[in-house]
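Each chain is listed here by its residues.
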Amino acid sequence: MPNGVGRWKETRPAWDFERQMCNLMDTKIVRLKEGDADEEALLQAGEILKAGGLVAFPTETVYGLGGDALNPDSSRKIYAAKGRPSDNPLIVHICRMEDLEKITTCVSEKARRLAARFWPGPLTMILPKRGIVPKETTGGLETVAVRMPSHPAAAKLIEYAGGFVAAPSANLSGRPSPTLAKYVIEDMDGRVDMILDGGQVGIGLESTIVDLTVDPPQILRPGYITGEMLESVLGEVEEDATLFSVPEGQAPRAPGMKYRHYAPKGDLAIVQGTEDEVVKYINSQTDQCRLAGEKTGVIAAAETAERYRADAVKSVGGREDEEAIARRLYGILREFDEENVTKIYSESFGEAAGDRKGLGQAIMNRLLKAAGHQVVRV
Ligand code: TXA
Ligand code: MG
């Protein structure tokens, strides 16, 4: 039995009642196997997408909530299933290089070089759209976000669906992106036609988004493909000024980045300083919060996790192991919700502020957004 499905079965009677009251649909949940055995499920999922239905599926970054990108009704359904504002555009997923030109005009030399180097993979490019891509998919914009995922099941599903699958992360709007099928089931059971369970995703944070409609190209969302990697192909690359701070009056250029995202239900603050000072400060805060009736949580590196006294202490992995931290972060934020933790403190991860490089940049960007930019320096 795949992760989470057992729990879903146990809560079924309550669900059945809610399903009837809220017009929820029956969601087919399929555990993907390795190799050819997947073929049947993927073909069926492809047919669902072609017919205008919704299928949640694994990618190498996070689970996606797929619909036919060229069908405005499918995009409308995606927004409704997620409870997402319709001015927040979707990423169109493709599986063949030649399909890029079918949905974008003017694929620049820079875009070609990036695609050749990083596709299939966790990179999304913003390019001018063709008329064939409905405004419903791009949130009314004249540009379209395109990505070619490397996950084999995702690639096949896109092929079987006709080549163009719009897919935001498969979470309810405002919740952390799902890194396990059980989190997709939690958010999407009853709201989509099918959920493909491919186990734990590999990366755990959403793709890097780079805007190629401006010069120099601009990073709108940091991810596994880092600024240095992009610069090695493009030369100069800029960053959206809102990635790590909230300058007054300036909205992020990726519409979705303006929403309070990735957020756990409990109040989260990030604490920065020397190791001993951070441990001391967080312990004194969680002791006080507990006295005030809060349930307390801490996000810590493996090296320091045992030094905390909070009710729920979560280790993200070794401080230097950024790939493990990225993979674990969203799961931890959801675990705090499951355990009804109301006050959370997190150590700071990735490189220190001002010297953000590598995957640490993406981790810190997501953590800052989850914390609503609450940072305490001790
Ligand atoms: O890794 C990923 O990218 C995952 C998987 C499923 O592929 N997808 C994902 O999609 O993270 P979503 O919808 O959760 O995030 C898409 C982001 C949003 O912040 C959105 O505003 C931005 O991309 N975006 C989409 N189209 C855009 C455009 N034309 N211009 C600027 N930003 C755009
Ligand atoms: Mg998302």
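Described below are features of the structure shown in this document. Throughout this description, residue numbers start from 1 for each chain and increase along the sequence as written. Each chain gets a letter, beginning with A, and each ligand a number, beginning with 1, in the order they are written. Totals for whole chains, interfaces and linings use all residues, but because this is a predicted model, local features are given only for residues with pLDDT of at least 70 and pairs of side-chain atoms are given and counted only at 80 or more. To obtain the side-chain values, all non-hydrogen atoms of the structure were included, while hydrogens and water were left out.

1. Some remarks on the packing of aromatic side chains
Pairing of aromatic rings covers Phe, Tyr and Trp, the last counted by its six-membered ring, and requires centre-to-centre distances within 6.5 Å; plane angles under 30 degrees mean stacked, over 60 mean edge-to-face, and any other angle means tilted. Scanning all chains against the criterion turns up one aromatic pair. Taking the ring centre of F336 as reference, the NZ or CZ of K314 above it sits at 5.7 Å. As a reminder, the over-ring test applies to NZ of lysine and CZ of arginine, requiring each to be within 6 Å of the ring centre and within 35 degrees of the ring normal.

2. Quick word on helix α3 (residues 39-50)
The helix and strand labels rest on DSSP assignments: H or I over at least four residues marks a helix, E over at least two residues marks a strand, and numbering proceeds from the N terminus. Between the first and last residue of a helix there are one fewer steps than residues, each counted as 1.5 Å, and that sum is the expected span. In this model, α3 (12 residues) spans 16 Å end to end at C-alpha, consistent with the 16 Å of a helix rising 1.5 Å per residue. Partly exposed describes any residue whose relative accessible area lies between the buried limit of under 20% and the exposed limit of over 50%, with all areas from a 1.4 Å probe on protein chains only and scaled to the type maximum. Residues A41, L42, A45, G46 and L49 constitute the buried set of α3. The arc that holds every buried residue of α3, seen down its axis, measures 140°, which confines them to one face. Throughout, a contact is declared for two residues whenever any of their heavy atoms are within 4.5 Å. The elements touched by buried residues of α3 are β1 (28-31), β2 (55-57), β3 (64-68), α7 (152-160), β7 (165-166) and β8 (194-197). This arc is built from the directions going out from the helix axis to the C-beta atoms.

3. Let's talk about unusual backbone geometry
The omega angle of the peptide bond from W119 to P120 is -5°, so this bond is cis rather than trans. As for its placement among the helices and strands, P120 is situated in the loop between α6 (109-118) and β5 (123-128). Of note, the amide linkage connecting D215 to P216 takes the cis form, showing an omega dihedral of 0°. Positionally, P216 belongs in the loop between β9 (208-211) and β10 (218-221). Positive phi outside glycine occurs at C106, with the angle close to 55°. Within the fold, C106 resides in the loop between α5 (100-103) and α6. Of note in this structure, H373 is not a glycine but carries a positive phi near 65°. Among the structural elements, H373 can be located in the loop between α12 (358-370) and β16 (375-377).

4. Quick look at the pairing of strand β15 (residues 343-347)
Counted residue by residue, β15 has five buried out of five residues, so it is predominantly covered. Both faces of β15 are covered, namely the face carrying K343, Y345 and E347 and the face carrying I344 and S346. Only strands joined by at least two bridges in the DSSP assignment are considered to pair. As defined by bridge partners, strand β12 (residues 267-272) adjoins β15 across five bridges and the pair is classed as parallel. From the neighbouring strand, I270 faces β15, where its bridge partner is S346. Both strand β13 (residues 296-300) and β15 contribute to a ladder of four bridges, which runs parallel. Within β15, the position partnered with T296 by the bridge is K343.

5. Here we look at the sheet that holds β15
Pairing within the open sheet is parallel, and its five strands lie in the order β14-β13-β15-β12-β16. At either end of the open sheet lies a strand with only one pairing partner, and these are β14 (312-315) and β16. Going across the sheet, the axis of each strand differs from the next one's by a mean of 20°, ignoring polarity. Both β12 and β16 contribute to a ladder of three bridges, which runs parallel. Bridge pairing links I270 to V375 in β16. Helix axes use the C-alpha atoms of the stretch in contact, all axes being lines fitted to C-alpha atoms, and the angles between their N-to-C directions lie in the range 0 to 180 degrees.

6. Considering the sheet that holds β7
Strand order across the open sheet formed by 11 strands is β1-β8-β2-β3-β7-β4-β6-β5-β9-β10-β11, with mixed pairing between neighbours. The sheet is open, and its two edges are formed by β1 and β11 (238-239), each paired on a single side. Both strand β4 (residues 91-93) and strand β6 (residues 143-147) contribute to a ladder of three bridges, which runs parallel. Note on β6: the bridge partner recorded for H93 is R147. Across the sheet, α3 touches β1, β2, β3, β7 and β8, and the angle it forms with β8 is around 145°. Those strands touched by helix α8 (residues 181-188) are β1, β2, β3 and β8, and its axis lies near 165° from that of β8.

7. Section: helix α4 (residues 72-82)
Every buried residue of α4 is accounted for by S74, S75, I78, Y79, A81 and K82. Projected down its long axis, α4 shows its buried positions confined to an angular sector of 165°, all on one face. Tucked inside the fold, the buried residues of α4 contact β3, β7 and α8. Here a polar contact is taken to be a pair of N or O atoms separated by no more than 3.5 Å, where protein atoms must pair a possible hydrogen donor with a possible acceptor and residues adjacent in sequence count only if both atoms sit in side chains. Backbone nitrogen of D73 and a side-chain oxygen of the N-cap are separated by 2.9 Å at the start of α4; the cap is N71. Among the residues trailing α4, G83 stands out with phi positive, at a value near 70°.

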